[in-house]
Amino acid sequence: MKTYNVAVVGATGAVGNEMVAILEQRKFPVNKLTLLASARSIGKTLTFRGEEIPVDELKEDSFKGIDIGLFSPGGAVSLKYAPIAAAAGCVVIDNTSAFRMEPDIPLVVPEVNPHAIKDYKNRGIIANPNCSTIQMVVVLKPLHDAAKIKRVVVSTYQSVSGTGKKAIFELEQQVLAIYNNKPVEKNVYPHQIAFNCLPHIDAFLENGYTKEEMKMVNETKKIMEDNTIQVTATTVRVPVFYGHSESVNVEFEREITPEMARKILSKAKGVKVVDDPSKNKYPLAINAAGKDDTFVGRIRRDDTVPHGLNMWIVADNIRKGAALNAVQIAELLVEKYL
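Note that the structure is a prediction, hence the values are computed from the model and not measured.

**Description of the nonpolar core**
In terms of nonpolar packing, the biggest core is built from 51 residues, with F63, V152, V248 and M311 touching the most fellow members. If one sorts the elements of this core by residue count, helix 3 (residues 131–147) sits on top with eight residues. Contact partners of M311, with chain neighbours within four places excluded, come to V139, L143, E246, S247, V248, V250, V296, G297, R298, I299 and R300. One finds M19, I53, I126 and L333 within the second-largest nonpolar core, a separate group that totals 39 residues.

Quick look at the structure:
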């Protein structure tokens, strides 16, 4: 089997850590693994295949001899270094929002639009979608193929790990502070996140929506390759460590019953139906954490429109919402194109 030199950029972050773990778990054909991060991470190591690999400082000459770069360092860093890596012959799979809406850069969810990967040749970059978008379109695409979606209304319940390690620590510390009657410190979020819900993810835009909400609107259309789908979103940060949950209301052009939807989704790649309310069985963030599948349940009619369904979608945002999706793209890349 051919092997590849792989670099993980942003290796010491939550997603970078998971990328390294998933490369090993899925036995990706790595020849040499290079770990890259800012100068602050020099001296750190990560374990890969039983070996302690040192973290190197990300520099402009870091990509000589690298075949594939898995990027999750923040948008500004990707904007600078992804084109440098691509110019050096490295195919970049970028987990940030930097390139997602560029018309000549593919935005890929392997279960939905794997054919788009071929367009990596345009600029040497493939964009990994937003975590909340990925889990939604994995469920919506097979339903769209069956009955064509007209409109989607989504409200998200997103875990703090979506913000990164500092947010996980902030939630931990706030919970401890409250239990010990100590002052609550707020450094990552503008308000207390412990025992609270914040209807605010990313910056607010002039239209009153946040960037996160507009990512779901625009990315869904691009990935599904259908600009006629109407999407509106409200994204909310909740005091959960891992796993994003979504309440999704879908209006279709044709008849689709809950039974039909369950049957379609039970056969869909990467989707697991958990839907037996009589036994209190429905997707939960704590059950999705650490899992590769996207879970869907609470599938029921919306009687306020002719062809409407409501559903509840849950996935691990660090795995399928980020690291796993990137590695799956890399797997298809080496299988079909490199």
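Still more ground to cover, so stick around.
**Some words on the sheet that holds strand 11 (residues 271–273)**
The six strands lie next to each other as 9-8-10-13-12-11, forming an open sheet whose pairing is mixed. Of all strands in the sheet, those bounded by a partner on one side alone are strand 9 (230–237) and strand 11. Averaged over all neighbouring strand pairs, the angle between strand axes comes to 25 degrees, with direction disregarded. Judged from the eight bridges that link them, strand 8 (residues 149–158) and strand 9 form a sheet pairing that is parallel. Across the sheet, R151 pairs through a bridge with Q230, a residue of strand 9. Packed on one face of the sheet, helix 5 (residues 211–224) meets strand 8, strand 9 and strand 10 (244–252) and runs near 140 degrees to strand 9.

**Let's talk about helix 4 (residues 165–179)**
Over its 15 residues, helix 4 runs 22 Å from end to end, which matches the ideal 21 Å to within 8%, given 1.5 Å per residue. Buried within helix 4 we find A167, I168, E170, L171, Q174 and A177. Where helix 4 terminates, the next one or two residues include N181, which has phi positive at roughly 55 degrees.

**Notes on unusual backbone geometry**
Of note in this structure, R49 is not a glycine but carries a positive phi near 55 degrees. Structurally, R49 can be placed in the loop between strand 3 (45–48) and strand 4 (51–57). A relative accessible area of 45% places R49 in the partly exposed class.

**Brief notes about a positive patch on the surface**
A cluster of basic residues, R40, K44, K165 and K166, forms a positive patch at the surface. Secondary-structure assignment places R40 in the loop between strand 2 (30–37) and strand 3.

**Side note on the packing of helix 3 against helix 5**
Where helix 3 contacts helix 5, the two axes come as close as 10 Å, and the packing angle between them is 40 degrees. What the angle tells us is that helix 3 and helix 5 run oblique. Where helix 3 crosses over helix 5, the two elements pack in a sense that is right-handed. Contacts between helix 3 and helix 5 involve C131, S132, T133, M136, V137, L140, K141 and H144 from the former and E212, K215, M216, E219, T220, I223 and M224 from the latter. Across the contact of helix 3 with helix 5, the residue classes break down as seven nonpolar, four polar and four charged.

What counts, and where the lines are drawn
Residues numbered from 1 in each chain as written. Predicted model: local features only at pLDDT ≥ 70, side-chain atom pairs only at ≥ 80, totals over all residues. Heavy atoms only, no water. Core = buried A, V, L, I, M, F, W, Y, C linked by side-chain atoms within 4.5 Å. Buried < 20%, exposed > 50% of the residue type's maximum accessible area, 1.4 Å probe, protein only. Helix = DSSP H or I, 4+ residues; strand = E, 2+ residues; numbered from the N terminus. Contact = heavy atoms within 4.5 Å. Pairing = 2+ DSSP bridges. Axes fitted to C-alpha atoms, helices over the stretch in contact; angles between N-to-C directions. Expected span 1.5 Å × (residues − 1). Patch = residues over 30% accessible without salt bridge, like charges linked within 9 Å, V, L, I, M, F, W, Y side chains within 5 Å. Areas by Shrake-Rupley, 256 points an atom, 1.4 Å probe, with all protein chains shown as cover. Salt bridge = Lys/Arg side-chain N within 4 Å of Asp/Glu carboxyl O. Lys, Arg positive; Asp, Glu negative; His and termini not counted. Charge placed at Lys NZ, Arg CZ, Asp CG, Glu CD. Parallel < 35°, antiparallel > 145°, perpendicular 65-115°, else oblique. Left-handed = near helix turned anticlockwise from the far one by under 90°. Nonpolar A, V, L, I, M, F, W, Y, C, P; charged D, E, K, R; others polar.

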